[in-house]
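What follows is the residue order along each chain.
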Amino acid sequence: MRTSDIERVKGLPLFADAAPDTLRVATAGAHLQRFPANTMLLLEGDPVDFLYVLLDGQVELHGTWNDRETTLAILRPVSTFILAAVVLDAEALMSARTLDRCEILMIPGDAIRTAMRLDPRFAMAVSRDLAGCYRGLVRTIKNHKLRNSTERLANYLLQLRAADNSGSVVRLHHEKRVLASLLGMTPENLSRAFAALQRHGVSVHGAVVSLGNIGALEALAKPDPLIDNHAPRIGDIIADADAEIWSSEWYKTTGPGAEAAKRHG
């Protein structure tokens, strides 16, 4: 890797507290690579030789079964993926492909496992990253099991608004076909959900969605901090774990958790 690339790696949350020797071990066989849109990075069932760190672009994680396919997550920078498989030296449980032009840091799995054994601070950073991903998965499962399609879409738009700090106009970051799969519905159901949201002030023009009545949308969505993460992805809130810590602090100091603490205080 070039010196400039190593400096970028030092700034990643995963390596922020790592010792210099740990960084050398981890980056010895690492490389930055740029991929065009619609590139299949790996297939479920494949052995995982590298940890992937998304630095630019978007990556779709998806799974298949019996000729069916579903989107599991859409990743935006900065995100690691396939980290659990790397830690366990196991096969991939999901496939990954680029949705647009991506810049990805690829770190050999052996180097990650060696660095974890050598440096407790790095091992803690890996645990933190995995915890952020796990909590995000729990949120997704609760969202899919407890809400109907219109409620899921309404909360998605509110989360997108919060993450992008975008006011009353949000921009969808991927095709509606991908969004439908991400939210656990067909494209036809997504169209019906958008139509249902019109009476709550939502209008769609291609990838641009106007939220004309935030109050009405929130009244329908009933956002819940134990399901939804409304962390703005700005400043120090970079990785999923950062967003989880922000959400937890908000819950304890401002949200329902603060009210519960006052009642029992």
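For the structure itself, look to the data block above.
Residues numbered from 1 in each chain as written. Predicted model: local features only at pLDDT ≥ 70, side-chain atom pairs only at ≥ 80, totals over all residues. Heavy atoms only, no water.

Undergrad: I'd like to hear about the sheet that holds strand E1 (residues 31-35), residue by residue, with values.
TA: The 4 strands lie next to each other as E1-E8-E3-E6, forming an open sheet whose pairing is antiparallel. This sheet does not close on itself; its edge strands, each paired only once, are E1 and strand E6 (79-81). Ignoring strand direction, the axes of neighbouring strands in this sheet form an average angle of 30°. Sheet analysis places strand E3 (residues 50-56) next to E6, joined by 3 bridges and oriented antiparallel. Paired with Val53 across the two strands is Thr80, which belongs to E6. (Pairing = 2+ DSSP bridges. Helix = DSSP H or I, 4+ residues; strand = E, 2+ residues; numbered from the N terminus. Axes fitted to C-alpha atoms, helices over the stretch in contact; angles between N-to-C directions.)

Undergrad: Provide a residue-level description of the environment of Ala30, including the pertinent values.
TA: Checked against the element boundaries, Ala30 lands in the loop between helix H2 (20-27) and E1. A residue is classified by how much of its surface remains accessible, and Ala30, at 7% relative accessible area, is buried. For the pair Ala30 and Ser149, spaced 119 residues apart in sequence, the C-alpha separation works out to 41 Å. Residues within four places of Ala30 in sequence aside, it is in contact with Met1, Leu105, Met106, Ile107 and Pro108. (Buried < 20%, exposed > 50% of the residue type's maximum accessible area, 1.4 Å probe, protein only. Contact = heavy atoms within 4.5 Å.)

Undergrad: Give me the sheet that holds strand E5 (residues 68-75): which residues, what numbers.
TA: The sheet built from 4 strands is open, its strands ordered E2-E7-E4-E5 with antiparallel pairing. Lying at the two open borders of the sheet, with one neighbouring strand each, are strand E2 (40-42) and E5. The average angle at which neighbouring strand axes cross in this sheet is 30°, direction not considered. Sheet topology note: the strand E4 (residues 59-65)/E5 ladder contains 7 bridges and is antiparallel. Within E5, the position partnered with His62 by the bridge is Thr71.

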